[in-house]
Amino acid sequence: MGTDLERVLLSEQQIADRLTEMAGEIDADYAGRDLLLVGVLKGAVMVMADLARRLHLPVEMDWMAVSSYGAGTSSSGVVRILKDLDTDLTGRHVLIVEDIIDSGLTLSWLLSNLRTRGAASVEIATLLRKPEAAKVEVDVRYVGFDIPTEFVVGYGLDYAEKYRNLPFVGTLAPHVYSD
Ligand code: PRP
């Protein structure tokens, strides 16, 4: 694992099992409806790929890339769209797929933005949430795991663009980001 990682927070198996449960809930909730999954690049790539493959519903997938203005590792709530959706949301049932909700600022902004586009519904599914880090309350329909406020990487999550390809979620040793 290397000395930069402290410990495994969620194993590959734990993630897989939870995504299977979440997919079951989503299948049931959206039965008979057309669903559009909206992945938020780049962190959500793994969640999107693994969650979507567990759904039995026919779904479409689209992607957005957003960037939070602000220094360092915390988001500011001022969000810029780097890549917008290709899909017209009018009348669509939309499920935003995210890897993590930290302060909640990105998702709060995204939820409001997508809700102005005439969608029939907009909900959020996130693998991870840090409840103690919340600066704004975000109404999240599907949460994989509530986790402590630690620096986590893997399964899509990065530190300086590294570690996204780890198949598990681990905590980063403080010496890596405090040097
Ligand atoms: C992460 C994550 C969310 C956001 C959550 O993305 O994917 O979009 O931060 O943080 P917040 O709740 O404090 O707003 P990041 O900006 O790291 O980009 P990435 O997905 O490309 O890694």
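Given the structure is predicted, the values throughout are model-derived calculations rather than measurements. Residue positions are given per chain, counting from 1 as you read along its sequence in written order. This being a predicted model, a pLDDT of at least 70 is required before a residue's local features are given, and a value of 80 or more before pairs of side-chain atoms are given or counted; all residues contribute to the totals for chains, interfaces and linings. The side-chain values count all of the structure's non-hydrogen atoms but skip hydrogen atoms and water molecules.

## Some words on the packing of aromatic side chains
When two rings of Phe, Tyr or Trp (its six-membered ring) have centres within 6.5 Å they constitute a pair, described as stacked for plane angles under 30 degrees, edge-to-face for angles over 60, and tilted for the intermediate range. For the structure shown, the criterion picks out two aromatic pairs. Taken together, the ring pairs connect Phe151, Tyr159 and Tyr177 into an aromatic cluster.

## What to know about the sheet that holds strand 9 (residues 169-172)
With antiparallel pairing, the three strands of this open sheet are ordered in space as 1-9-8. The open sheet has two edge strands, strand 1 (5-10) and strand 8 (152-153), and neither has a second partner. By the bridge criterion, two bridges tie strand 8 to strand 9 in an arrangement that is antiparallel. Looking at strand 9, one finds that Val152 is bridged to Thr171. Strand pairing requires that DSSP identify at least two bridges connecting the strands. Only runs of H or I of at least four residues qualify as helices and only runs of E of at least two qualify as strands under DSSP, and these elements are numbered from the N terminus.

## Regarding the environment of Tyr159
For Tyr159, the location among the structural elements is in the loop between strand 8 and strand 9. Buried, partly exposed and exposed residues are distinguished by accessible area as a fraction of the type maximum, computed with a 1.4 Å probe on protein chains only: under 20%, between the cut-offs, and over 50%, respectively. Assessed through its relative accessible area of 22%, Tyr159 is described here as partly exposed. As for Tyr159 and Thr126, which are separated by 33 residues in sequence, their C-alpha atoms are 19 Å apart.

## Remarks on the side chain of Glu98
Looking at where Glu98 falls in the secondary structure, it is placed in strand 5 (residues 93-101). Only heavy atoms matter for contacts: two residues are in contact if any of them lie within 4.5 Å across the pair. Discounting residues that sit within four places of it in the chain, Glu98 has contacts with Val40, Ala44, Val47, Leu107, Ala125, Thr126 and Leu127.

## Topic: the site of the ligand
Being near a molecule or strand, for a residue, means having at least one of its heavy atoms within 4 Å of it. In the vicinity of the ligand there are 15 residues, among which Glu98, Asp99, Ser103, Gly104 and Thr106 approach most closely. Polar contacts, as counted here, are pairs of nitrogen or oxygen atoms within 3.5 Å of one another; within protein the pair requires one atom able to donate a hydrogen and one able to accept it, and residues that are adjacent in sequence qualify only if both atoms are side-chain atoms. Interatomic distance of 2.7 Å between a backbone N/O atom of Gly104 and an oxygen atom of the ligand. Calculation on the ligand without its partners gives an accessible area of 500 Å², and the protein chains cover 79% of this total. At four residues, strand 5 tops the list of elements feeding residues into the shell around the ligand. For the shell around the ligand, the per-class residue count stands at four nonpolar, five polar and six charged. The accessible surface values rely on the Shrake-Rupley method and a 1.4 Å probe; as for residues, cover is taken only from the protein chains in view. Gly falls in the polar group here, along with every residue not listed as nonpolar (Ala, Val, Leu, Ile, Met, Phe, Trp, Tyr, Cys, Pro) or charged (Asp, Glu, Lys, Arg).

## Topic: helix 3 (residues 105-115)
Turning to helix 3, its buried residues number three or more, namely Leu105, Thr106, Leu107, Leu110, Leu111, Asn113 and Leu114. On the buried face of helix 3, the contacting elements are strand 2 (35-41), strand 3 (59-68), strand 4 (79-83), strand 5 and strand 6 (121-129).

Honestly, it's all geometry; don't read function into it.
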